[in-house]
Amino acid sequence: MTGDHYFSAQPASDAPPREVEFSVAGRDYRLASAGGVFSASRLDPGTAVLLRKAELPTADTTGDLLDLGCGFGPIASVLADTAPASTVWAVDVNARARELTAANAVRVGAADRVRVSAPDDVPAEIRFAQLWSNPPIRIGKDGLHDLLLRWLPRLAPDGVGWLVVARHLGGDSLHRWLTEQGWQVERCASQKGFRVLRVTR
């Protein structure tokens, strides 16, 4: 692939500042965004379905939570807000996305609980109580499989992964592949052409 993509490590495109507004679980969010990151101008429809249909953590949730492929940070912001006793790791290869996520953690009052990181900088010993992702399907099937094979095994023994994938971009085939890899996979919701998958050991 050539050119600038939301999964580029150092986007070269212009980054005019933007704001994205949305509501989840009764709270309104207004987050900073910019060009060169995933779904820069709005809350991605898949992310919206994930946050609406998956089981959000609660005030009783503890441990480390992972937002894999955080973009400008909508999932990380919601997780930090709903689970104030947890630490949220917001991971992305895109440096601009990481900067925006850090800024948005400040906006939601969670800068002390959101750890924004490049993939290789997450300490190897961390095990996640929850993994949340609207994974980057556009990197291709092999890249997506490698990504999930890297991060899903870092779930704690009783951890749970929440994924959202468009049906027409392989949501059902990903479900089958994860099952073949030995994971327990439940399709918890289908809405607007998206599959919400719950993944456990």
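For the structure given in this document, a descriptive report is provided here. (Residues numbered from 1 in each chain as written. Predicted model: local features only at pLDDT ≥ 70, side-chain atom pairs only at ≥ 80, totals over all residues. Heavy atoms only, no water.)

**Some remarks on the packing of aromatic side chains**
For any pair of aromatic rings, the description consists of the separation of the ring centres together with the inter-plane angle of the planes.
Okay, step 1: Counted according to the given criterion, the structure contains three aromatic pairs.
Okay, step 2: Between Phe128 and Trp151, the aromatic rings sit 6.5 Å apart at their centres with planes inclined by 50 degrees, giving tilted as the arrangement. Taken together, the positions of Phe128 in strand 6 (residues 128-133) and Trp151 in helix 4 (residues 141-151) put the pair 23 residues apart, joining distant regions of the chain.
Okay, step 3: With a relative accessible area of 0%, Phe128 lands in the buried category.
Okay, step 4: Ring geometry for Trp132 against Trp162: centres 5.9 Å apart, planes inclined by 35 degrees, an arrangement best described as tilted. Placement of Trp132 in strand 6 and of Trp162 in strand 7 (residues 155-166) is noted, with a sequence separation of 30 residues between them. (Phe/Tyr/Trp six-rings, centres within 6.5 Å; stacked < 30°, edge-to-face > 60°. Helix = DSSP H or I, 4+ residues; strand = E, 2+ residues; numbered from the N terminus. Buried < 20%, exposed > 50% of the residue type's maximum accessible area, 1.4 Å probe, protein only.)

**Focus on helix 4**
Okay, step 1: Along helix 4, the residues that are buried comprise Leu144, His145, Leu148 and Trp151. Down the axis, helix 4 shows its buried residues gathered within 145 degrees of arc, on one side only. Structural note: helix 4 exposes Asp142 and Asp146 on the side pointing more than 90 degrees away from its buried face.
Okay, step 2: Next to the buried residues of helix 4 lie strand 3 (63-68), strand 4 (86-91), strand 6, strand 7 and helix 5 (171-180). (Arc of directions from axis to C-beta. Contact = heavy atoms within 4.5 Å.)

**A few points about the pairing of strand 8 (residues 184-191)**
Okay, step 1: Looking at chain direction, strand 8 and strand 9 (residues 194-200) are connected through seven bridges and run antiparallel. Bridging across to strand 9, Glu186 finds its partner in Arg198.
Okay, step 2: Following strand 8, the chain reverses through two residues before pairing antiparallel with strand 9; Lys192 in that reversal takes a positive phi of roughly 55 degrees. (Pairing = 2+ DSSP bridges.)

**Structural notes on the packing of helix 1 (residues 45-53) against helix 2 (residues 74-82)**
Helix-helix packing is characterised by the crossing angle of the two axes and by the distance between the axes.
Okay, step 1: Between helix 1 and helix 2, the least distance of the axes is 11 Å, while the angle of their chain directions is 15 degrees. It follows from the interaxial angle that helix 1 and helix 2 lie roughly parallel. With respect to the hand of their crossing, helix 1 and helix 2 are arranged in right-handed fashion. On helix 2, the residues that touch Thr47, Leu50 and Leu51 of helix 1 are Pro74, Ile75 and Val78.
Okay, step 2: In the contact of helix 1 with helix 2, the residues fall into five nonpolar, one polar and no charged. (Axes fitted to C-alpha atoms, helices over the stretch in contact; angles between N-to-C directions. Parallel < 35°, antiparallel > 145°, perpendicular 65-115°, else oblique. Left-handed = near helix turned anticlockwise from the far one by under 90°. Nonpolar A, V, L, I, M, F, W, Y, C, P; charged D, E, K, R; others polar.)

**Description of the pairing of strand 1 (residues 17-24)**
Okay, step 1: Alignment of strand 1 against strand 2 (residues 27-34), held across eight bridges, turns out to be antiparallel. Bridged to Val24 within strand 2 is Arg27.
Okay, step 2: Connecting the antiparallel pair strand 1 and strand 2 is a turn made up of two residues, with Ala25 showing a positive phi of about 50 degrees.

**Re the packing of helix 4 against helix 5**
Okay, step 1: Two elements in contact, helix 4 and helix 5, have axes separated by 12 Å at closest approach and are oriented at 45 degrees. With respect to helix 5, the axis of helix 4 lies oblique. The handedness of the crossing between helix 4 and helix 5 comes out as right-handed. Between helix 4, through Leu144, His145, Leu148 and Leu149, and helix 5, the contact on the second element is made entirely by Leu174, Trp177 and Leu178.
Okay, step 2: Residues of the contact of helix 4 with helix 5, tallied by class, amount to six nonpolar, one polar and no charged.

**A few points about the sheet that holds strand 5 (residues 114-117)**
Okay, step 1: One open sheet holds the seven strands; their spatial order is 5-4-3-6-7-9-8, and the pairing between them is mixed. Across the chains shown, the open sheet's two edge strands, defined by having one partner strand only, are strand 5 and strand 8. On average, each strand axis in the sheet is inclined to that of its neighbour by 15 degrees, with strand direction left out of account.
Okay, step 2: Two elements, strand 6 and strand 7, share five bridges in a ladder whose sense is parallel. Pairing of Leu131 across the sheet is with Gly161, part of strand 7.
Okay, step 3: Sitting on the sheet, helix 1 is in contact with strand 6, strand 7, strand 8 and strand 9, with an inclination near 55 degrees to strand 9.
Okay, step 4: Along the sheet, helix 3 (residues 95-107) makes contact with strand 4 and strand 5, crossing strand 5 at roughly 170 degrees.

Geometric descriptors of this kind do not, in isolation, establish any biological role.
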